[in-house]
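Below are the chains, spelled out letter by letter.
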Amino acid sequence: MKTLIIYNSFHHGNTKKIAETMADALEARVLKYDDVDAYNIVDYDLIGFGSGIYYGKPKNEFVEFIDSLPDVKNRKAFVFTTSGKGKDEYNDPLKEKLAEKGFEIIGSFTWKGFDTWGPLKIIGGKNKGRPNDEDLEHARILAKSLKDKV
Ligand SMILES: Cc1cc2nc3c(=O)[nH]c(=O)nc-3n(C[C@H](O)[C@H](O)[C@H](O)COP(=O)(O)O)c2cc1C
């Protein structure tokens, strides 16, 4: 199974930590979205797409990157986000865009990430240290569970 994980992460590298952990568990390649050649994605059986959440959404450029991908057939994807609140519905725009491209979504995961956005900075931020070891272990387990779905 050839797997690629594509991520966006700029606030504290929270999403990058999850992406790298899942990639390790899946023996996958892991790349930041602006290092990906959109036309190479057809080489992969499974692709993970992960982003931090900013103002309630994944980064615009990350969503635009997904828009720029070619339509696919018989390709599976999973999505993940990290955010201050860790809300499941933050994943919806990613799931919708990927389904439009023809991907079958086989997993959707969220984690809380260290957040020093705006006034949170004054109090030292929230979710300090997250994703922590327990979160990363959870990411490893979830990533391995995807192997049975491909
Ligand atoms: C500009 C900005 C806006 C944010 N907006 C939200 C938000 O609307 N909801 C939320 O739960 N977290 C929000 N966060 C927190 C981030 O989603 C969280 O820290 C995330 O783990 C960052 O991922 P990264 O380190 O991979 O970039 C925001 C952070 C920043 C910097």
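Residues numbered from 1 in each chain as written. Predicted model: local features only at pLDDT ≥ 70, side-chain atom pairs only at ≥ 80, totals over all residues. Heavy atoms only, no water.

### Focus: the UniProt feature "domain: Flavodoxin-like" (unreviewed entry) in the chain
- UniProt feature "domain: Flavodoxin-like" (unreviewed entry): in the numbering of this structure it lies at residues 4-147.
- From the first C-alpha to the last, residues 4-147 spans 13 Å; its make-up is 31% helix and 26% strand. (UniProt positions renumbered as here; feature names shortened; annotations may be inferred. Helix = DSSP H or I, 4+ residues; strand = E, 2+ residues; numbered from the N terminus.)

### What about the environment of Asp 133?
- Mapped onto the elements, Asp 133 comes out in helix α4 (residues 133-146).
- Asp 133 gets classed as exposed once you look at its relative accessible area, which sits at 66%.
- Sequence separation between Asp 133 and Gly 107 is 26 residues, and the spatial gap between their C-alpha atoms is 21 Å. (Buried < 20%, exposed > 50% of the residue type's maximum accessible area, 1.4 Å probe, protein only.)

### Things to note about the packing of aromatic side chains
- In this structure the tally under the stated criterion is nine aromatic pairs.
- For the pair Phe 78 and Phe 80, a centre-to-centre distance of 6.1 Å together with 25° between the ring planes defines the contact as stacked. Phe 80 shares its class with Phe 78; the two are buried.
- A cation over an aromatic ring shows up here: Lys 2 above the ring of Tyr 44, its NZ or CZ 5.0 Å from the ring centre. (Phe/Tyr/Trp six-rings, centres within 6.5 Å; stacked < 30°, edge-to-face > 60°. Lys NZ or Arg CZ within 6 Å of the ring centre and 35° of its normal.)

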